[in-house]
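Chain by chain, the residues run as shown.
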Amino acid sequence: MKTAIIYKSVHRGNTKKIAEAMAEALEADLFDSKDVNKDIVKEYDLIGFGSGIYYYKPHKQLRKFVEELEMVENKKAFHFSTSGDGKYFDWLEKNLSKKGFDVIGEFHCKGYYAYSIKGLISRKGLNKGKPDESDLKDAKKFAERLKNNLV
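Here is a short report on the structure shown in this document.

Criteria and thresholds
- Residues numbered from 1 in each chain as written.
- Predicted model: local features only at pLDDT ≥ 70, side-chain atom pairs only at ≥ 80, totals over all residues.
- Heavy atoms only, no water.
- Phe/Tyr/Trp six-rings, centres within 6.5 Å; stacked < 30°, edge-to-face > 60°.
- Helix = DSSP H or I, 4+ residues; strand = E, 2+ residues; numbered from the N terminus.
- Buried < 20%, exposed > 50% of the residue type's maximum accessible area, 1.4 Å probe, protein only.
- Lys NZ or Arg CZ within 6 Å of the ring centre and 35° of its normal.
- Expected span 1.5 Å × (residues − 1).
- Arc of directions from axis to C-beta.
- Polar contact = N/O pair within 3.5 Å; in protein donor to acceptor, adjacent residues only side chain to side chain.
- Core = buried A, V, L, I, M, F, W, Y, C linked by side-chain atoms within 4.5 Å.
- Contact = heavy atoms within 4.5 Å.
- Salt bridge = Lys/Arg side-chain N within 4 Å of Asp/Glu carboxyl O.

**Points about the packing of aromatic side chains**
Then comes step 1: Throughout the structure, instances matching the rule amount to 5 aromatic pairs.
Then comes step 2: Note on Phe49 and Phe101: the rings are 5.6 Å apart at their centroids and 75 degrees apart in plane angle, and the pair reads as edge-to-face. Of this pair, Phe49 sits in strand β3 (residues 46–54) while Phe101 sits in the loop between α3 (91–98) and β6 (102–110); the two residues are 52 residues apart in sequence, bridging distant segments of the chain. Side by side, Phe49 and Phe101 carry an identical accessibility label, which is buried.
Then comes step 3: For the ring pair Phe78 and Phe142, a centre distance of 5.9 Å and an interplane angle of 65 degrees mean the geometry is edge-to-face. Here the residue Phe78 occupies a position in strand β5 (residues 76–83), and Phe142 occupies one in helix α5 (residues 133–150), the gap between them amounting to 64 residues. Pair check on accessibility: Phe78 and Phe142 agree, each one buried.
Then comes step 4: Aromatic rings pair up to connect Phe78, Phe80, Phe107 and Phe142 into one cluster.
Then comes step 5: When the ring centre of Tyr44 is taken as origin, the NZ or CZ atom of Lys2, which lies over that ring, is 4.9 Å away.

Following this line, the structure appears as structure tokens:
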């Protein structure tokens, strides 16, 4: 199964670390959303979409990418995210489903974050050191389960 991961990672590279771990496990091609054309989804059977969470949604660049996709058939997708408060929000799942993707999984972990009131008050940020080795192992395990369920 030909697999791609399209992600957006800013500030500290939290989401990129997770994307790289998953790409290794899935033997997937890895693309930053700023560097890829929406037609690329036609070339893949399984596509992962990932971003940090900003004000309860994925990064605006990844949202725009997904919104501009044409309807698809026979394409599977998964989504992943990192966030400072550890909460996951379902924007990607809803919008990928609307585009015709069969969404087969989601992964979320905390990421180091220093841009909220909580992070500024603590002066150290939230979740320093996240994602850590344990999170990267969990991301690989998630990707391996996806791969094994599709074979």
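**What about α5?**
Then comes step 1: For α5, with 18 residues, the first-to-last C-alpha span of 26 Å sits near the 26 Å given by 1.5 Å per residue.
Then comes step 2: Every buried residue belonging to α5 is among Asp135, Leu136, Ala139, Phe142, Ala143 and Leu146, and all of these are buried. Taken down its axis, α5 places every buried residue within 120 degrees of arc, on the same side. Exposed and oriented more than 90 degrees from the buried face of α5 are Glu133, Lys137, Asn148 and Asn149.
Then comes step 3: Sitting at the head of α5, Asp132 places a side-chain oxygen 3.1 Å from the backbone nitrogen of Ser134.

**Description of the nonpolar core**
Then comes step 1: Counting 20 residues, the largest nonpolar core has Ile5, Ile18, Met22, Phe78, Phe80 and Phe107 as its most contacted members.
Then comes step 2: Top element by residues in this core is helix α1 (residues 14–26). It accounts for 7 residues.
Then comes step 3: Leave out the neighbours within four places in its chain, and Phe78 touches Ile5, Met22, Leu26, Leu46, Ile47, Gly48, Phe49, Gly105, Phe142 and Leu146.
Then comes step 4: Formed by 19 residues, the second largest nonpolar core is a distinct cluster that contains Ala4, Ile6, Tyr44 and Leu62.

**Quick notes on the pattern of salt bridges**
Then comes step 1: Per the stated rule, a full pass over the model turns up 8 salt bridges.
Then comes step 2: Residue Lys42 pairs with Asp39 through a salt bridge whose shortest N-O separation is 3.7 Å.
Then comes step 3: We note a salt bridge from Asp90 to Lys94, for which the minimum N-O separation is 3.8 Å.
Then comes step 4: Residue Asp90 is classed as partly exposed on the basis of its relative accessible area of 35%.

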